[in-house]
Amino acid sequence: MPQQTPALEIRALTKRFGDKVAVDAVDLDVPPGSFFGLVGQNGAGKTTTLSMAVGLLRPDGGGARIFGADVWAAPTQAKALVGVLPDGLAMPERLTGREALTYLGLLRGLPKDVVARRADELLDVLELDTAERTLIIEYSTGMRKKIGLATALLHAPRLLVLDEPFEAVDPVSAATIKTILRGFVAGGGSIVLSSHVMALVEQLCDHVAVVDAGRVVAAGPLDDVRGAQSLEDTFVGLVGGERTGVKELSWLSR
Ligand SMILES: Nc1ncnc2c1ncn2[C@@H]1O[C@H](COP(=O)(O)OP(=O)(O)OP(=O)(O)O)[C@@H](O)[C@H]1O
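Calculation rules
- Residues numbered from 1 in each chain as written.
- Predicted model: local features only at pLDDT ≥ 70, side-chain atom pairs only at ≥ 80, totals over all residues.
- UniProt positions renumbered as here; feature names shortened; annotations may be inferred.
- Buried ≥ 20, exposed ≤ 12 C-beta atoms within 10 Å, placed from the backbone.
- Helix = DSSP H or I, 4+ residues; strand = E, 2+ residues; numbered from the N terminus.
- Pairing = 2+ DSSP bridges.
- Right-handed = clockwise from strand over helix to strand, strands pointing away.
- Core = buried A, V, L, I, M, F, W, Y, C linked by C-beta atoms within 7 Å.
- Domains from an automatic or database assignment.
- Contact = placed C-beta atoms within 7 Å.
- Axes fitted to C-alpha atoms, helices over the stretch in contact; angles between N-to-C directions.
- Nonpolar A, V, L, I, M, F, W, Y, C, P; charged D, E, K, R; others polar.
- Expected span 1.5 Å × (residues − 1).
- Arc of directions from axis to C-beta.

Looking at an unreviewed UniProt entry, one finds the protein named ABC transporter ATP-binding protein and attributed to Dactylosporangium sucinum. The heading Sequence similarities (unreviewed entry) in the UniProt record of the protein holds the text "Belongs to the ABC transporter superfamily."

Draft legend 1. Main features of the pairing of strand E7 (residues 159-163). The buried fraction of E7 is high, at five of five residues. Residue alternation in E7 divides its side chains into two sets, Leu159, Val161 and Asp163 and Leu160 and Leu162, and both sets are buried. Of the pairings in the sheet, the one linking strand E6 (residues 82-85) to E7 comprises four bridges and is parallel in character. Each residue of the ladder has a partner; that of leucine 85, found in E7, is leucine 162. A crossover links E7 with its parallel partner strand E8 (residues 190-195), the connecting element being helix H6 (residues 171-186), and its sense is right-handed.

Draft legend 2. Local environment of the nonpolar core. Membership of the largest hydrophobic core comes to 67 residues, with the highest contact counts inside it found for Leu8, Ala53, Ala150, Val161 and Ile191. Per-element tally for this core: the top contributor is helix H5 (residues 141-153), with six residues. A domain-level breakdown of this core finds at least three residues from each of domain 1 (1-81 + 161-242) and domain 2 (89-156). Sequence-distant contacts of leucine 8, defined by excluding residues within four places in its chain, comprise Val30, Ala53, Ala64, Ile66, Leu159 and Val192.

Draft legend 3. Spotlight on the sheet that holds strand E5 (residues 69-70). Taken in spatial order, the four strands make up an open sheet running E2-E1-E4-E5, and their pairing is antiparallel. Every other strand in the sheet has two partners, leaving strand E2 (20-30) and E5 as the edge strands with one partner each. Where strand E1 (residues 8-17) lies against E2, seven bridges are found, and the strand directions are antiparallel. Bridging from a neighbouring strand, arginine 16 pairs with valine 21 of E2. Along the sheet, helix H1 (residues 46-53) makes contact with E1, E2 and strand E4 (61-66), crossing E1 at roughly 120 degrees.

Draft legend 4. Spatial organisation of the domain arrangement of the protein. In terms of domains, the protein is made up of domain 1 (1-81 + 161-242) and domain 2 (89-156). Each partner contributes to the interface: domain 1 provides ten residues, whereas domain 2 provides nine residues. Top element by residues in the side of domain 1 that touches domain 2 is H6. It accounts for four residues. Considering only residue class, the side of domain 1 that touches domain 2 consists of six nonpolar, two polar and two charged.

Draft legend 5. Representation of helix H4 (residues 112-125). Given a rise of 1.5 Å per residue, 14 residues ought to cover 20 Å, and the 20 Å separating the end C-alpha atoms of H4 matches this to within 8%. For H4, every residue scored as buried is listed here: Val115, Ala119, Leu122 and Leu123. Down the axis of H4, the sector holding all buried residues measures 95 degrees, keeping them to one side. Across H4 from its buried face, at more than 90 degrees, point the exposed residues Asp113, Arg117, Glu121 and Asp124. Those residues of H4 that are buried lie in contact with helix H3 (97-107) and H5. Immediately downstream of H4, the backbone of glutamate 127 shows phi near 55 degrees, a positive value.

This is how it looks when you write it as structure tokens:
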């Protein structure tokens, strides 16, 4: 069978901040049609990797391709194929959710009536319709995630790259977002998401990569990576659970 072009192909991606190597020659293949979870401790390098992979941060070395399009050499082609929910979302703060969707949709080159129709549906499905007159600056953290997801979906990309999409999102909204994401994959889309929540990754993802100190320490189909254990046990085993240091807080004991 011919090899299919990966939805996202990361090769030797490297980023240093001063002396610190935040991302250390990372290779990753996200198969088309997969729901791929990127897990790692705080500071492991997930956000830096994903930011470089979608062209938001220039790497010191290596590169990334989205469905074969080089993110840095062919950015227009690559970026048309991907919807991104970045960490610490920079949004047009003085616009309402609808205005932001309209603005970003028109920037993407979508026809006005298509933007209006999709914005209606997205605001409705993500239950942001009641906040239609609210400026984004007034949104809660969870609402910001939801409007960010709406902007990522608006142009119907083939790949979604989502940095912590469930962070600060209430359980009802999380259930809605899970349904949307599962539907996206069922419809032929591919997703990469980062998360600290192993149960969520196990529930949603069919592929997983574990990142530790800027390196990929395990990657592949979920069942291959976790084996007979839970993903959490596998994760703690891989990244060194003995480093918790809780026992040292003796002054907390009564
Ligand atoms: N702009 C920056 N300047 C300096 N150091 C940075 C910068 N961005 C990230 N780092 C460092 O790079 C490393 C990787 O950070 P990154 O945000 O990619 O980790 P992460 O896995 O996304 O963490 P978290 O789960 O906490 O979001 C960390 O040590 C972080 O302190």
